[in-house]
Amino acid sequence: MKRLQSQLKHLQPKDVLRLTPLDLINMPGIGTISTANELLYAVSKFVAPSSTTLYDLLNSTTSSKLRTGLEELDRVLLGGLPSGTITELAGPSGSGKTQMCCQLSVLAAAPQHAGGLAAGALYIDTEGAASACRIREIASSRFPNLTDEEISECTSRIFLHTVSTADSLHHLLSHTVQELIIEHGIKLLIVDSIASLVRREFDSRLSSRSEVLLEQASLLKEIAEGFGIPVVLVNQVQTIVQDMNAEGGGSETEKLEASRSSVGQLTVAMGNTWYHTVNTRLTLQYKDNVTRKITVSKSPVAAISSFDYIIDKTGLVLTSFYPELEETQQTAIRPRDTSL
């Protein structure tokens, strides 16, 4: 078997497993069906995920959660965002998705005595929305007892990478991210946003877009599971227009009149295939001029539930902490602020 290993060292396990025993027989040093089957069994055993007990699984899932900073949300999620899985933040522009990402980065990087992980956070920005000043403001406002030195240490653990194409994101995920995770002790990976690049580059080529998305999803799942860290992805929403009067055909005037009767419905972008790649989906939306709502739309551990929040200098804050919300309207960030 050692001789076979030296001969096949240029092949990846996936390349060997694509071969049949008849293909392998023709390779030097194999020669028989039994040897080929023995090789396939050895490679399969090597790459197969190891089994674990339910006790170990429960201990790992309860001890490796990233708090969101929203206590009621953390409660229904049994402690926060689970490690080794993908969590999606979806919502319209200005609903607070980027603010949530900044907040999660701070909570991952904050010292342990302040309730953080004292770990690194990797923030991949595809829209130029992340703000270093805003991240520091959240850190200093959320943890007022930390010294300036501790705040600086916290922000130094947050690594920001900006990408502008789907190819550059793919290269970053497939090559650079693993090295950064190991070198800097990264315990949180954020991609803000996963939808913008593929929608911009492959808007009219749906098959190509789906292929790119599935490749990215595979890489992100591999990173989440392989390193046991939470991966947070930002997604956008799109409007599906339903024509209430369309019967097909008709003059231009009739089509114009029909379009005035159309109903627009907001839905999360990238369809059902993408929906099944994420483990947890948190949907953010407007409720009124100041208040917004975050909903657990999909979760393996929590029922559908919603919580109202506002955005202030500390990040996202549940309205239960503001008995008299009217007094906070002057300091809350307005929903239409483009920095959100």
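Everything numeric in this text was worked out from a predicted model, so none of it was measured.

**So, the nonpolar core**
The biggest cluster of nonpolar side chains holds 41 residues, and the ones touching the most others in it are L73, M100, V106, L188 and I294. Aside from chain neighbours lying at most four places away, what touches M100 is T68, L70, L73, L89, I294 and L316. Core analysis: the next-biggest nonpolar cluster, separate from the first, contains 33 residues, L169, I194, V212 and A217 among them.

**Observations concerning the packing of helix α8 (residues 132–142) against helix α9 (residues 148–156)**
Relative to each other, α8 and α9 sit at 135 degrees, their axes nearing to 10 Å. With respect to their mutual orientation, α8 and α9 come out oblique. α9 is crossed by α8, and the crossing has right-handed handedness. Here α8 contributes R136, A139 and S140 to the contact with α9, which in turn contributes D148, I151, S152, C154 and T155.

**Here's the deal with the sheet that holds strand β7 (residues 231–235)**
Strand order in the open sheet formed by nine strands is β5-β4-β6-β7-β3-β10-β11-β12-β13, and the pairing between neighbours is mixed. The sheet is open, and its two borders are formed by β5 (158–162) and β13 (315–318), each paired with just one other strand. Adjacent strand axes in the sheet meet at a mean angle of 25 degrees, parallel and antiparallel pairs treated alike. Relative to strand β11 (residues 292–298), strand β10 (residues 280–286) runs antiparallel, the two being bridged by six bridges.

**Section: the packing of helix α7 (residues 97–109) against α8**
For the pair α7 and α8, interaxial distance at closest approach is 9 Å and the crossing angle is 55 degrees. For the element pair α7 / α8, the angle class is oblique. The handedness of the crossing between α7 and α8 is right-handed. Residue-level inspection shows Q99, C102, Q103, V106 and L107 of α7 in contact with α8, the latter providing R134, I135, I138, A139 and R142. Among the residues forming the contact of α7 with α8, the class breakdown is six nonpolar, two polar and two charged.

About the thresholds
Residues numbered from 1 in each chain as written. Predicted model: local features only at pLDDT ≥ 70, side-chain atom pairs only at ≥ 80, totals over all residues. Heavy atoms only, no water. Core = buried A, V, L, I, M, F, W, Y, C linked by side-chain atoms within 4.5 Å. Buried < 20%, exposed > 50% of the residue type's maximum accessible area, 1.4 Å probe, protein only. Contact = heavy atoms within 4.5 Å. Axes fitted to C-alpha atoms, helices over the stretch in contact; angles between N-to-C directions. Helix = DSSP H or I, 4+ residues; strand = E, 2+ residues; numbered from the N terminus. Parallel < 35°, antiparallel > 145°, perpendicular 65-115°, else oblique. Left-handed = near helix turned anticlockwise from the far one by under 90°. Pairing = 2+ DSSP bridges. Nonpolar A, V, L, I, M, F, W, Y, C, P; charged D, E, K, R; others polar.

Just distances and angles here, no functional claims.
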